[in-house]
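Given next are the chains, with one letter for each unit.
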Amino acid sequence: MTLELRSINKRFGDRDVLRNLDLSVADGECVALLGPSGCGKSTALRLIAGLDDPDQGSISINGENVVAIPAERRRVGMVFQSYALFPHLNVRKNLELGLRIRGSRAAERDERISNILEVLQLQNQAEQLPSQLSGGQRQRVALARALLRDPLVYLLDEPMSNLDAQLREELRPELKRLMIGGSQPVVYVTHDQQEAMALADRIALMRNGRIEQIGTPQELYHRPETVVVAQFIGRPQMNLLKPQNGVMVGIRPEDIRLDQQGVSCRLLSREWHGASQMLLVESERGPLRIVCAGDQTISEQIQVNWERSDEHQFDLDSGRRLSD
Amino acid sequence: MRRHSAWIVLLLIWSLAPMLWQLLTSFTTSAALVDGSIPFLQRWTLNHYRELLSSNPPFWRYLANSSMLAAMSTVLTTLLAIPAAYALTKIPKQWRQPVRFVVIAAALFPYVLLFLALLELARQFHLGNSLLALALPYSALQMPLALLLLTAAIEGLPVDLDDAARLEGLSLRQRLRWVMLPLIAPATASTAILVFLFAWNEYPIALTWLSRSDLLTLPVAMARIAGSSIYSVPYGAYAAATVLGAIPLLVLVLLFQRQIVRGLTNGAIKG
Ligand SMILES: Nc1ncnc2c1ncn2[C@@H]1O[C@H](COP(=O)(O)OP(=O)(O)O)[C@@H](O)[C@H]1O
Ligand SMILES: [Mg+2]
């Protein structure tokens, strides 16, 4: 199954929220829409789901244009950021409502629901109301509801942004196992680059309603097409050196190493993370972030160096990558 | 804590004393009402009630009329107001504020100023002397208030709920039935009670639209009792009518008190 968006435009009032958006997601592929808040990620999902209509452009699922099909019959499984569980129904009835409306028989409903409750380890919560569940449990109910929809496409709108960091990491493999890698295309919205890199086959980095760059996580990391992409992908952020002759040079903190023959720097601050540590230093080419091994001893004055081939060069005016 | 209870007792006395007074009056003989020297045991009587119920038409007739009228107005108002309120939350953002302004203005408008115009309408369309027809202006007059309360309730629901239900395949009607209605039930109950109260108490329109004595509503009938004699006010009969007229409302409030309190305090349904 495939999903294809072609030259989508969407305005709200006099604001262009999506401009000429193209996106195609292959059979079983997971594409992450990554970008700062307000860049139009949720809007893109709502258009695919049919909750809003595009002003221009076409949306096809399996090659069939679905713009005219109302959301009720579009067969997408969506997980909302707020989970949007029905607060007056217990977990079982939350899952049952849609199945019943779509005409599945009572015996079949019961079987499917108890299966999915077991898969998601929610058997003991079946009779509880959403308000009695923990954040992680609510999230799993929302996943279960989307799975039971038998969708043609999965849409996930920041499904883990309301969970704490540890729970997020625990849920990632589960999400991968259940939704990603089936035959349905998955569009995964997030503003967390780590999550995008962990889950997605390709990442579409969005900014101001446009896709800035789309590619595999490796492509975005090793060959960012613009300064914005370079700054968004990879933590800690890429260093941008003082521009010279209209060229801006970027170097990743993890590509910098300590070297007696290198540029001398003064240590400003230091964060220790266990396996690694992050140094902030002042050099003649501007402030630098450096990542090095956690057991390295660091003095006030250090010398650093990097390979010329690890440098990323961007045009100062356009911010575009200069080919090397 | 002690200070609080003192205030509560004071407030209870303040609001309940007049009702207790009416209750006592309704069981007191007419003679004892004006003569304090009559001994305690000879002051009491059921005569006022007996009179009321044996008059022509009997008093329960007015109770029945008012109950029917109020019930019809309530049903009509809620049936129209719930879909309308849902629609009001779905119209484009730039329209919502002006529409709300108009609705608030309509809700605050003193309806008494309309009663001549309404009477004219009743004449034109032969709507006089019909309880069913009287429910029309009643629900029209209560519509703005009902819309305000129900729109607020729907807007207070968690976002995305309606969208999630759409993606689950629920049609507009199914969403109203299975998601919206259960969630706004408390607000609907308190709205219904307010509409019911209005219809139960309304006087000027009922006075002008109804003239057949077997169709009168409670307030009009009570006014007739109060003004039945030029020389004396029938306090006892009047008090008995008040007591009887309050009973259906008390029953209603007792039945729905949980929903009403929840609807008035709201916010208990966030998921
Ligand atoms: N229904 C709407 N009406 C008006 N503006 C909207 C609406 N939905 C979204 N927007 C605007 O569109 C922009 C993109 O929103 P959204 O897609 O939710 O961003 P994201 O999900 O990337 O944070 C925001 O500036 C938001 O204010
Ligand atoms: Mg969003």
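It should be emphasised that the depicted structure is a prediction, and the values quoted were computed from it without experimental measurement.

Moving on, we come to the domain arrangement of chain A. Residues and elements named next belong to chain A. What the domain assignment reports for chain A is domain 1 (3-228) and domain 2 (238-315). Here domain 1 and domain 2 have C-alpha centroids that lie 38 Å from each other. Tallying the contact residues gives seven residues for domain 1 and seven residues for domain 2. For the domain 1 and domain 2 pair, buried surface summed over both sides reaches about 510 Å², with 65% attributable to carbon and sulfur atoms. Three residues, Y221, P224 and V227, lead the burial of domain 1 against domain 2; their summed loss comes to 87% of the area buried on that side. If you look at where domain 1 meets domain 2, you find zero salt bridges. Counting the contacts that link domain 1 with domain 2 gives two residue pairs in polar contact (both at pLDDT 80 or more). Examining the composition of the side of domain 1 that touches domain 2, we find that three residues originate from one element, helix α7 (residues 217-222), more than from any other. Of the residues assigned to the side of domain 1 that touches domain 2, the class counts are four nonpolar, two polar and one charged.

To continue, consider the nonpolar core. Counting residues in hydrophobic clusters, the biggest one holds 58 residues, and the most contacted among them are L3 and L155 of chain A. When residues in this core are grouped by element, the largest group, six residues, is from helix α7 (residues 131-155) of chain B. Once residues lying within four places of it in the same chain are set aside, the contact partners of L155 of chain A are L45, I48, A49, V76, G77, M78, V79 and V187 of chain A. Grouped together as the second largest cluster of nonpolar side chains are 42 residues, A146, L148, A200 and F232 of chain A included.

All names here are of chain B. Per-residue pLDDT for chain B averages 89, and the proportion of residues at 70 or more is 96%. Between residues 267-271, whose pLDDT stays under 50, and residues either more than four places distant or in other chains, the model counts 10 contacts. What the predictor reports for the complex is a pTM of 0.85 with an ipTM of 0.88.

In this section: the sheet that holds strand β9 (residues 202-207) of chain A. The strands that make up a sheet pair up through hydrogen bonds in the backbone, lying either parallel or antiparallel. Residue and element names in this part refer to chain A. A sheet is described by the order of its strands in space; here six strands give the open sequence β6-β7-β8-β3-β9-β10, paired in mixed fashion. For this open sheet the edge positions go to β6 (76-79) and β10 (210-215), each flanked by a neighbour on one side alone. Strand after strand, the sheet turns through a mean of 15 degrees between neighbouring axes, direction not considered. Two elements, β6 and strand β7 (residues 153-157), share four bridges in a ladder whose sense is parallel. Note on β7: the bridge partner recorded for M78 is L155.

Taken together, the contact pairs 21 residues of chain B with 23 residues of chain A. Carbon and sulfur atoms make up 62% of the area that chain B and chain A hide from each other, which totals about 2000 Å². Sorting the residues of chain B by area buried against chain A places R166, L167 and E168 of chain B first, and these three jointly supply 37% of that buried surface. At the boundary of chain B and chain A, one finds four salt bridges. The salt bridge partner of R46 of chain A is D163 of chain B, with a shortest N-O separation of 2.9 Å.

Residues and elements named next belong to chain A. Close to ligand 1 lie F12, R15, V17, S37, G38, C39, G40, K41, S42 and T43. Within the side chain of R15, a nitrogen or oxygen atom sits 2.8 Å from an oxygen atom of ligand 1. Between K41 and ligand 1, the recorded distance is 2.9 Å, taken from a backbone N or O atom to an oxygen atom. Protein burial of ligand 1: of its 560 Å² of free accessible surface, 64% is covered by the chains. Contributing elements (two or more residues each) for the shell around ligand 1: β2 (15-25) and α1 (41-49). Taken together, the residues of the shell around ligand 1 sort by class into three nonpolar, five polar and two charged.

For the rest of this paragraph, the subject is the packing of helix α3 (residues 106-119) of chain A against helix α4 (residues 135-148) of chain A. All names here are of chain A. Running from amino to carboxyl end, α3 crosses α4 at an angle of 140 degrees, the nearest separation of the two axes being 10 Å. When the interaxial angle is binned, α3 and α4 end up oblique. Remark: the crossing between α3 and α4 carries right-handed chirality. Contacts between α3 and α4 involve R112, I113 and I116 from the first element and A144, L147 and L148 from the second. Across the contact of α3 with α4, the residue classes tally to five nonpolar, no polar and one charged.

For the structure shown, the criterion picks out 23 salt bridges over all chains. Between E29 of chain A and R202 of chain A there is a salt bridge, with its nearest N and O atoms 2.6 Å apart. Within this pair, whereas E29 of chain A is found in the loop between β2 and β3 (30-34), its partner R202 of chain A is found in strand β9, the two being separated by 173 residues in sequence. The exposure class assigned to R202 of chain A is partly exposed, which follows from its relative accessible area of 22%. Close ionic contact of R212 of chain B with D214 of chain B constitutes a salt bridge, the shortest N to O distance being 3.2 Å.

Cis geometry is adopted by the peptide bond preceding P236 of chain A, which originates at R235 of chain A and carries an omega value of -5 degrees. Mapped onto the secondary structure, P236 of chain A falls in the loop between α8 (227-232) and β11 (239-240). With an omega of -10 degrees, the peptide bond running from N56 of chain B to P57 of chain B counts as cis. Mapped onto the fold, P57 of chain B is located in the loop between α3 (47-54) and α4 (59-88). The backbone of N62 of chain A shows a phi angle near 55 degrees, a positive value even though the residue is not glycine. You can see N62 of chain A is positioned in the loop between β4 (56-61) and β5 (64-65). Overall, the relative accessible area of 40% leaves N62 of chain A in the partly exposed class. Even without being a glycine, E158 of chain A presents a positive backbone phi close to 40 degrees. Following the sequence through the fold, E158 of chain A ends up in the loop between β7 and α5 (165-178). Residue class for E158 of chain A comes out buried when judged on its relative accessible area of 8%.

About the criteria used
Residues numbered from 1 in each chain as written. Chains lettered and ligands numbered in written order. Predicted model: local features only at pLDDT ≥ 70, side-chain atom pairs only at ≥ 80, totals over all residues. Heavy atoms only, no water. Domains from an automatic or database assignment. Contact = heavy atoms within 4.5 Å. Buried area = accessible area lost by both parts, 1.4 Å probe. Salt bridge = Lys/Arg side-chain N within 4 Å of Asp/Glu carboxyl O. Polar contact = N/O pair within 3.5 Å; in protein donor to acceptor, adjacent residues only side chain to side chain. Helix = DSSP H or I, 4+ residues; strand = E, 2+ residues; numbered from the N terminus. Nonpolar A, V, L, I, M, F, W, Y, C, P; charged D, E, K, R; others polar. Core = buried A, V, L, I, M, F, W, Y, C linked by side-chain atoms within 4.5 Å. Buried < 20%, exposed > 50% of the residue type's maximum accessible area, 1.4 Å probe, protein only. pLDDT = per-residue confidence, 0-100. Pairing = 2+ DSSP bridges. Axes fitted to C-alpha atoms, helices over the stretch in contact; angles between N-to-C directions. Near = heavy atom within 4 Å. Areas by Shrake-Rupley, 256 points an atom, 1.4 Å probe, with all protein chains shown as cover. Parallel < 35°, antiparallel > 145°, perpendicular 65-115°, else oblique. Left-handed = near helix turned anticlockwise from the far one by under 90°.

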